Amino acid sequence: MKMVAVRAEVSLQTVYNLFGSKQAILARVFDQDLAAFEALVAAAPSADALDRMFDALDIAADLYKADPGFYRATLWRRPACASDLALETTLREPRIRFWRTMVERAVSEGLLAPDLDAAVIAALLIQITGGVLADWIAGEISTDLLRREMKFGFAAALCPFAAGEA
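Basis of the calculations
- Every chain begins its residue count from 1, and numbering advances along the sequence as written.
- Confidence filtering applies because this is a predicted model: local features only for residues at pLDDT of at least 70, side-chain atom pairs given and counted only at 80 or more, and all residues used for totals across whole chains, interfaces and linings.
- Excluded from the side-chain calculation are hydrogens and water; included are all heavy atoms of the structure.
- Under the scheme used here, helices are H or I runs from DSSP no shorter than 4 residues and strands are E runs no shorter than 2 residues, and both carry numbers assigned from the N terminus.
- Residue exposure (1.4 Å probe, protein chains only): buried if accessible area is under 20% of the type maximum, exposed if over 50%, otherwise partly exposed.
- Between two residues, a contact is recorded if the distance between any of their heavy atoms is within 4.5 Å.
- Note that accessible areas follow from Shrake-Rupley with a 1.4 Å probe, and for residues the cover is restricted to the protein chains shown.
- The charge count includes Lys and Arg as positive and Asp and Glu as negative, but it does not include His or the ends of the chains.
- Charge coordinates come from a single atom per side chain, which is NZ of Lys, CZ of Arg, CG of Asp or CD of Glu.
- What counts as a salt bridge is simple: a side-chain nitrogen of Lys or Arg found within 4 Å of a carboxyl oxygen of Asp or Glu.
- Ring pairs shown here join Phe, Tyr and Trp side chains whose ring centres sit within 6.5 Å, with only the six-membered ring taken for Trp; geometry is labelled stacked below 30 degrees between planes, edge-to-face above 60, and tilted in between.
- Consider the ring centre and the ring normal. A charge sits over the ring if Lys NZ or Arg CZ is within 6 Å of that centre and within 35 degrees of that normal.

Caption draft 1: Layout of the overall build of the protein chain. The number of helices and strands found in the protein chain is eight helices and zero strands. Ordered by position in the sequence, the α and β elements of the protein chain form the string α-α-α-α-α-α-α-α. With the C-alpha coordinates aligned to their principal axes, the bounding extent of the protein chain is approximately 60 × 30 × 30 Å. Taken across its 166 residues, the protein chain has 37% of its residues classed as buried. Contacts in the protein chain between residues at least 24 apart in sequence constitute 62% of all its contacts with a sequence separation of at least 6. Of the roughly 9400 Å² of accessible surface on the protein chain, 57% is carried by carbon and sulfur atoms. Between the centroid of the 17 positive side chains of the protein chain and the centroid of its 22 negative side chains there is a distance of 8 Å.

Here it is in structure tokens:
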């Protein structure tokens, strides 16, 4: 909180008055980052919903590569207390919703089986990215390998549900 106050050139009390807590600041940062990511994905010239999913992975990898310090510091947080766990849930839900919407669009375009559970598949995709991100955050893989592993994981997870030409 002190670092935020210093960087914003305001008093510590102002930061608390505006946000109330460190968790609230983190939630705002994550919300803004997700909104910027979603705008980039929406602007991508994807041919269809499946392409858009893989384009989203490229966009994410590009963002991680452009600012690894920020993403390494913010993406991998272990909840230390109940309020951190609540924050973790708050941050996770919009990302699951993002991927669920992507899966639902692929289903509606006839690219994925109509009977799949989009929420379950979205949670699986989040788990895939989380596992690969853990290796990247630990410095065990490069951003380029992160990109390839996320794409391979998504392809392996989605392939059994592919419909027709997809």
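Caption draft 2: How the structure looks around the pattern of salt bridges. Under the criterion given, the structure shown has five salt bridges. Between Arg 147 and Asp 62 there is a salt bridge; the shortest N-O distance is 2.7 Å. One end of the pair, Arg 147, is in helix 8 (residues 143-158); the other, Asp 62, is in helix 4 (residues 49-66), with 85 residues separating them in the sequence. A relative accessible area of 17% means that Arg 147 is categorised as buried. A single salt-bridge network, built from bridges that share partners, covers Asp 58, Asp 62, Arg 147 and Lys 151.

Caption draft 3: Spatial organisation of the packing of aromatic side chains. Applying the stated criterion across every chain, the model contains six aromatic pairs. Measuring from centroid to centroid gives 4.9 Å for Phe 98 and Trp 99, while their planes differ by 85°, and the two rings are edge-to-face. Accessibility classification places Phe 98 together with Trp 99 in one group, the buried group. Three or more aromatic residues joined by ring pairs form one cluster here, namely Phe 37, Phe 54, Phe 98, Trp 99 and Phe 154. It is Arg 72 that lies over the ring of Trp 136; its NZ or CZ is 4.1 Å from the centre.

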